[in-house]
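# Structural overview
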Amino acid sequence: MKPPNTNSLNTGMTQRLEFTVEVALGAGRILRDGYDQQKTISLKGRRDLLTEFDLRSEEFIIQRIQERYPTDGILAEEGGEIGGEGGRWVIDPLDGTTNFAHGIPFFVVSIAYMEGTETLLGVILDPMRDECFRAARGNGVWLGHHHLHVSPTKSVENSVLATGFPHDIEHNPNNLTRYSLASMQARAVRRLGSAALHLAYVAAGRLDGYWEMDLFPWDWAAGILMVQEAGGRVSRVDNGDNIYQEPASLLASNNFIHQELQQIFRSGKR
Ligand code: IPD
Ligand code: CA
Ligand code: CA
């Protein structure tokens, strides 16, 4: 599945993108098959679920990367870091495990390829809708043959937003205030249960904005590139552009509503 305009991508990077799409589709098939089956659910934390399909998907992705690019490093949610000399792959083998485990069809595979601190490629695959979002730095973001752009919405009042909450919400409940502030101003605030899907939807103009705290690199690596390549803006929630500073705090939007949303969040501060 080739993106339509990869003229300025060199051959190596075009091949990497095609490879990433192929691997994401393979992992997506594992999840699609698993969705209809009885699952074994274990707990990584009070609300942090793990199924055997998270692990199967991750194992498949890592094996494929190691066969094709044996010197690259890998950061994968379940297995952690594997050192390497070349680029680095950042993988969420199943983003939206709670949805998946409960039979709610909103979950994705997210794979990013980085060199240094720069994400160069990102693929987010929604196996239930057969939607494969793919981005290459400097070359845009596509869904099928459609080049994606963020929405043209100019005000929060007319916006559909999304957020998410960390699994350990009791230790960090502050996002509930932002959720209620945004809900009073926006057209709607959704919580689809997959950070990567939210970011792909901002890139596709389906959502006007999305914010979340306490995310991990595998949740956002591919999605941030998509929002940027679709003409959107990504910053920390309150202010500051250092989106890589821990703990993660992300506000991704179509750019037009960015400041207004930050002001709304600030208005709740005492
Ligand atoms: C979670 C999802 C969820 C977000 C959580 C993430 P997981 O990832 O992206 O939407 O709110 O912060 O941890 O555990 O399903 O891979
Ligand atoms: Ca996951
Ligand atoms: Ca995740």
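The following refers to the structure shown. (Residues numbered from 1 in each chain as written. Chains lettered and ligands numbered in written order. Predicted model: local features only at pLDDT ≥ 70, side-chain atom pairs only at ≥ 80, totals over all residues. Heavy atoms only, no water.)

## Some words on the environment of Gly122
Basically, it comes down to this: By definition, any uninterrupted DSSP run of H or I lasting at least four residues is a helix, any uninterrupted run of E lasting at least two residues is a strand, and each is numbered from the N terminus. Burial status follows relative accessibility: with a 1.4 Å probe on protein chains alone, a residue under 20% of its type maximum counts as buried, one over 50% as exposed, and anything between as partly exposed.
Positionally, Gly122 belongs in strand β7 (residues 118–126). In this structure Gly122 comes out as buried when scored by relative accessible area, which is 0%.

## Quick word on the coordination of the calcium ion (ligand 3)
For clarity, the threshold we go by: Distances decide who is a donor: an N, O or S atom must be within 2.8 Å of the metal, or within 3.2 Å for Na, K and Ca. Water is not included, so sites may look incomplete.
Distances from the calcium ion (ligand 3) to its protein donors, Asp92 (OD), Asp95 (OD) and Asp219 (OD), fall at 2.1 to 2.2 Å. Counting the intervening residues between successive donors of the calcium ion (ligand 3) yields the motif D-x2-D-x123-D. In this model, the calcium ion (ligand 3) sits 3.7 Å from the calcium ion (ligand 2), the two metals being bridged by Asp92. Within this pair, whereas Asp92 is found in strand β5 (residues 88–95), its partner Asp219 is found in helix α6 (residues 217–229), the two being separated by 127 residues in sequence. Asp219 carries the same exposure label as Asp92, and that label is buried.

## Concerning the site of ligand 1
Just so we agree on the cut-off: Working definition: residue near molecule or strand if any one of its non-hydrogen atoms lies within 4 Å of it. Polar contacts, as used here, are pairs of N or O atoms within 3.5 Å; protein pairs need one atom able to donate a hydrogen and one able to accept it. Residues neighboring in sequence count only if both atoms are side-chain atoms. All accessible-area figures derive from a Shrake-Rupley calculation using a 1.4 Å probe, and residue coverage is judged against the displayed protein chains alone. Cavity means a closed set of points on a 1 Å grid over the protein atoms alone, one where a 1.4 Å probe fits but cannot get out, pocket means an open set with protein on both sides within 12 Å along at least 5 of 7 lines, and lining means a residue has an atom within 4 Å of a point. Any molecule with more than half of its atoms within 2 Å of a cavity's or pocket's grid points is regarded as sitting in that cavity or pocket. Residue type decides the class: Asp, Glu, Lys and Arg count as charged, Ala, Val, Leu, Ile, Met, Phe, Trp, Tyr, Cys and Pro as nonpolar, and the leftover types, Gly among them, as polar.
The environment of ligand 1 is made up of 15 residues, and the closest members are Asp95, Gly96, Thr97, Ala195 and Glu212. One of the backbone N or O atoms of Ala195 is found 2.9 Å from an oxygen atom in ligand 1. Note that an oxygen atom of ligand 1 is positioned 2.6 Å from one of the side-chain N or O atoms of Glu212. Burial of ligand 1 by the protein amounts to 92% of the accessible area it has alone, namely 380 Å². The site holding ligand 1 turns out to be the largest pocket. Top element by residues in the shell around ligand 1 is β5. It accounts for three residues. Taken together, the residues of the shell around ligand 1 break down into four nonpolar, six polar and five charged.

## Some remarks on the layout of surface pockets
For clarity, the cut-off: Grid points are joined across faces, edges and corners, and a volume is the space filled by probe spheres set on the points. Domain limits in this description derive from either an automatic procedure or a database domain assignment.
In this structure, the largest pocket encloses a volume near 830 Å³. Lining the largest pocket are 36 residues, with Thr98, Phe165, Pro166, His167 and Glu212 positioned closest to its centre. Partitioned by chemical class, the residues of the lining of the largest pocket number ten nonpolar, eleven polar and 15 charged. Formed jointly, the lining of the largest pocket draws a minimum of three residues from each of two domains, domain 1 (11–147) and domain 2 (156–267).

From the geometry alone we can't say anything about function, so treat these as descriptive.
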